[in-house]
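# Structural characterization, general
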Amino acid sequence: MGIWAAVKYALNSTLGTSSFLSLDKMIQAHGTQTFTKDGTFTVPAGVTKIWITAFGAGAGGNHSGGQGGARIIKKAYSVTPQTSIQITIGIGGTEGNDGGATVIGNLVTLEGGGSKKFKEHNGALGGAYGAKADTYSENGQDSPESYGGKGGYNRPSTGGDVYSGGGGGGAGFGRGGDGGDGDYSSESGKDGGIGAGGGGGGQRASSGSGGNGIVIIEW
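Let us look at the structure shown here. Remember, predicted model here, so these are calculated numbers, not experimental data.

## Focus: the overall build of the chain
- A tally of helices and strands in the chain yields two helices and ten strands.
- Starting at the N terminus and ending at the C terminus, the chain contains elements arranged as α-α-β-β-β-β-β-β-β-β-β-β.
- The contacts in the chain between residues at least 6 apart in sequence include a share of 59% that link residues at least 24 apart.
- For the chain, the accessible surface area stands at approximately 10300 Å², while carbon and sulfur atoms represent 50% of it.

Okay, structure coming up:
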């Protein structure tokens, strides 16, 4: 193999291109684009492979913590140069509602997290509602990118009644929402971060909303 053929081969294997690129195009051959709202990704000239990190939206809390959205982490996809890929970002669920799906053209759809019932995907689970007096309810699960929310504290009243704390939200790209503490008035659950579930509210309080999804494309 001649020297120029070797250079061309090395560039193609590194950049994921199908033909030799001039220097001005090589400068554009690596990049990252992040979507936190709906948009369009145009595949750069000469690029035939992209890596996607993305999350569906988190679910709202339901006293138990909401589930984080389904996720992929730097998964490779083959693409055609200079084509357009429509991006739809899932919207976080409000209290008691599932998160919306994040859709990346015809490449992949990532389901949002479940609120009243956890969905059978890889989104991190929220913590359970309540436990026993003088303890925290369950924390939400971590994800590869972030941490689950902290479960709320369960407080007994002077008469012995238990005021249950909410479960922590499951993690997403951002941290899960913390559950609200249980007390005489109870505390609301916190909203989840990007792609994460909302925290459950205390016994007589509202729960947090899930976070919207995200798409990060690298090439």
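Now that the structure is up, let's keep going.
## Concerning the sheet that holds strand β10 (residues 214-218)
- Strand order in this open sheet of four strands is β1-β10-β3-β4, and the pairing throughout is antiparallel. For this open sheet the edge positions go to β1 (32-35) and β4 (71-78), each flanked by a neighbour on one side alone. Looking at each pair of strands side by side, their axes are set apart by 15 degrees on average, direction ignored.
- Across six bridges, the pairing between strand β3 (residues 49-55) and β4 is antiparallel. The residue bridging Ile50 from the neighbouring strand is Tyr77, located in β4.

## Considerations on the pattern of salt bridges
- Following the criterion strictly, the structure yields six salt bridges and no others.
- Residue Glu218 pairs with Lys74 through a salt bridge whose shortest N-O separation is 4.0 Å. Placement of Glu218 in strand β10 and of Lys74 in strand β4 is noted, with a sequence separation of 144 residues between them.
- Its salt-bridge partner being Asp178, residue Arg175 comes within 2.7 Å of it at the nearest N-O pair.
- Within the structure, one salt-bridge network assembled from shared partners comprises Asp98, Glu111 and Lys119.

## A few points about the pairing of strand β5 (residues 84-88)
- Burial along β5 is one-sided: the face carrying Ile85 and Ile87 is buried and the face carrying Ser84, Gln86 and Thr88 is not.
- In this structure, β5 lies alongside strand β6 (residues 102-104), joined through two bridges in antiparallel fashion. Opposite Thr88, over in β6, you have Val103 as the bridge partner.

## Description of the sheet that holds strand β7 (residues 108-110)
- With antiparallel pairing, four strands are arranged side by side in an open sheet as β2-β5-β6-β7. Single-partner strands in this sheet number two, and they are β2 (39-42) and β7. The sheet shows a mean angle of 15 degrees between the axes of neighbouring strands, direction not considered.
- Here three bridges tie β6 to β7, and the two strands are oriented antiparallel to one another. From the neighbouring strand, Thr102 faces β7, where its bridge partner is Leu110.

Each value, and the rule that gives it
- Residues numbered from 1 in each chain as written.
- Predicted model: local features only at pLDDT ≥ 70, side-chain atom pairs only at ≥ 80, totals over all residues.
- Heavy atoms only, no water.
- Helix = DSSP H or I, 4+ residues; strand = E, 2+ residues; numbered from the N terminus.
- Contact = heavy atoms within 4.5 Å.
- Areas by Shrake-Rupley, 256 points an atom, 1.4 Å probe, with all protein chains shown as cover.
- Pairing = 2+ DSSP bridges.
- Axes fitted to C-alpha atoms, helices over the stretch in contact; angles between N-to-C directions.
- Salt bridge = Lys/Arg side-chain N within 4 Å of Asp/Glu carboxyl O.
- Buried < 20%, exposed > 50% of the residue type's maximum accessible area, 1.4 Å probe, protein only.

That is the geometry; function is a separate question.
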